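The chain contents come next:
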Amino acid sequence: MDVTVREVPGPEGITAARTLPAAWYSNPAHFEAEIQNVWRRQWLCIGDESDMPAAGAWRAIVAGGLPVLLVRDKQGALRAFLNVCRHRAAPLCEPGDDGSGSLISCPYHAWLYRLDGSLARAHGVGEPEGFDTADFSLKPLGLATWRRWVFLHADDAAKAPHFGPMAAAIAGYPVEAMHLVLSESHERPFNWKVLLENYSENYHTPFVHPEIDTSSSHDYPMLADGLTLYAWDRPLRPTTDAGVRMATLLPGEPGWEELGSAPTAVPYDVGSYLTLWPNLMLNVFPDASLAMWMEPLSANRTVVHRRLYAHPGADADAVAAQVSAHRLVHLQDIDICASVQRTHDAGVNADGVLATVEERGVFFVHQHIRRAMGDAAQ
Ligand code: FES
Ligand SMILES: [Fe+2]
C-alpha cells in the first residue's frame, strides 16, 4: 500500500481574521475601486481558446470592465486591443459581436484599421496639425495563453503571466486534448468575491451539496502560493486489494492517474481545485475538468462562464452524468451565493471569523483583496 502524507501548514494570521464588511460586496464606489486596483492590474481569464476568433476575424468582449477587441490576423496571431476608435471613441464592434475581413471599419466615420491594429486610413479627416496615421493605432493590451485558457492584462507592457508553482501541479493533466462538452455563461446576482469565496472552501459542501458523499474520511489539503490557491481531495477509502489507500498525490505526480480508477463513481470524490486570482476557478477530475471564470458587471452582478471538458472517446452516458452533476452543484452554489449577497446588499455586516482550517481559501481571497485595495478601501 502506498501512503504519502504531506504536511500542509495553515496560513499565518487566519486565527485573527475577520470577514469583510458588507460594503465591500455592495458599494458601487468600492466596486469601482476594485476594478481599478484588481481587475485592471491582474491577468484575467477571458476564455477558452475555442472562444477566440478564427484567423482573419475579430470579436468584442468586456474584460474587467474594459471594452476589448480580440483580433486574429490571417497568419493566426491573436492580439487584444482596446475596442475604442482613435478618432472619437466609438466601439469598433459591439460586445459579443464578431466581424471578419482584411480591415476593421469604425461604424461611426469609417476609419479603417488593419488586423495588427494599425490605422490604415482616416477617411475625410483633412489635415489636423501633426496628424500621422502611424500615431493612431488601436491601443494594445497584454494577451497570453496558459494551458487552454486565454488571459488579458490591461497593461500592454505587462510581463507574461506567472501563476506560481501550484499552477504547475496540473502540468501532467491533458486538459488541452479534452473535448468541450458544456459551455454556459450566465449573469448572476452577486458580487464576484462571493463566488470566489464559495469556491475556495469545502466547509459548506455537506450542507449545500448533500448529494456529495463526504462520508469517506476525506481530507482537504490546501496550499497558497502567490496568485494560486490549490486544494485537492485526499480520499481515504477501502480498495479491493490493499485495505485502505490514502492518496496525497498532486496531479501529474507518479501514480496520480491511478486515482481515476479509485473505487468511486461519485462525482467530486477525487479532484484538484485551483483558484487563480482573481477570476479563474479550475476543477480537475480524473475523468473531467471544469473551468469557471468571472466578469464583474457591478457590485452585485457578475457574469459566470463555465466550460466542462471530457476525455476524447468518453462514454456519452458518463459525460451526461458529469454535466448534470456539475450543473446541480453549481446551481446550489449560485443559490447560496445569491442569498449571501442579499445580506450584503442590506448593508448588514456579519462581523464574522473564518474557520481556521476549513476556510484557508477564503483567507487567501481576503488577503489578496485587502492587499490590492490598501488605502483605496478606507
Ligand atoms: S469614432 Fe471612429 S471614425 Fe469616428
Ligand atoms: Fe459548493
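Re the coordination of the iron ion (ligand 2)
So, point 1. Listed as protein donors to the iron ion (ligand 2) are His204 (NE2), His209 (NE2), Asp333 (OD) and Asp333 (OD); their distances from the metal cover 2.1 to 2.4 Å.
So, point 2. Each of the four donor atoms bound to the iron ion (ligand 2) contributes to angles spanning 57 to 145°, and the resulting shape is irregular.
So, point 3. Sequence spacing of the donor residues for the iron ion (ligand 2), all on one chain, is H-x4-H-x123-D. Taken as a pair, His204 in the loop between helix H3 (192–199) and helix H4 (205–208) and Asp333 in helix H5 (residues 316–345) lie far apart in primary sequence, 129 residues in all.
So, point 4. Given a relative accessible area of 10%, Asp333 falls into the buried group.

A look at the pairing of strand S17 (residues 280–284)
So, point 1. Of all five residues making up S17, five are buried, and the element is well covered by its neighbours.
So, point 2. The pairing of strand S16 (residues 272–276) with S17 spans five bridges and is antiparallel. What sits directly across from Leu274, in S17, is Leu282.
So, point 3. In this antiparallel pair of consecutive strands, S16 and S17, the connection spans three residues.
So, point 4. Bridge count between S17 and strand S18 (residues 288–298): five bridges; the pairing is antiparallel. Counted as the bridge partner of Met281 is Met292 from S18.

Thresholds, definitions, all that
- Residues numbered from 1 in each chain as written.
- Chains lettered and ligands numbered in written order.
- Predicted model: local features only at pLDDT ≥ 70, side-chain atom pairs only at ≥ 80, totals over all residues.
- Heavy atoms only, no water.
- Donors = N, O, S within 2.8 Å, 3.2 Å for Na, K, Ca; no water.
- Tetrahedral: all angles 85-135°; square planar, octahedral: opposite > 155°, others 65-115°.
- Helix = DSSP H or I, 4+ residues; strand = E, 2+ residues; numbered from the N terminus.
- Buried < 20%, exposed > 50% of the residue type's maximum accessible area, 1.4 Å probe, protein only.
- Pairing = 2+ DSSP bridges.

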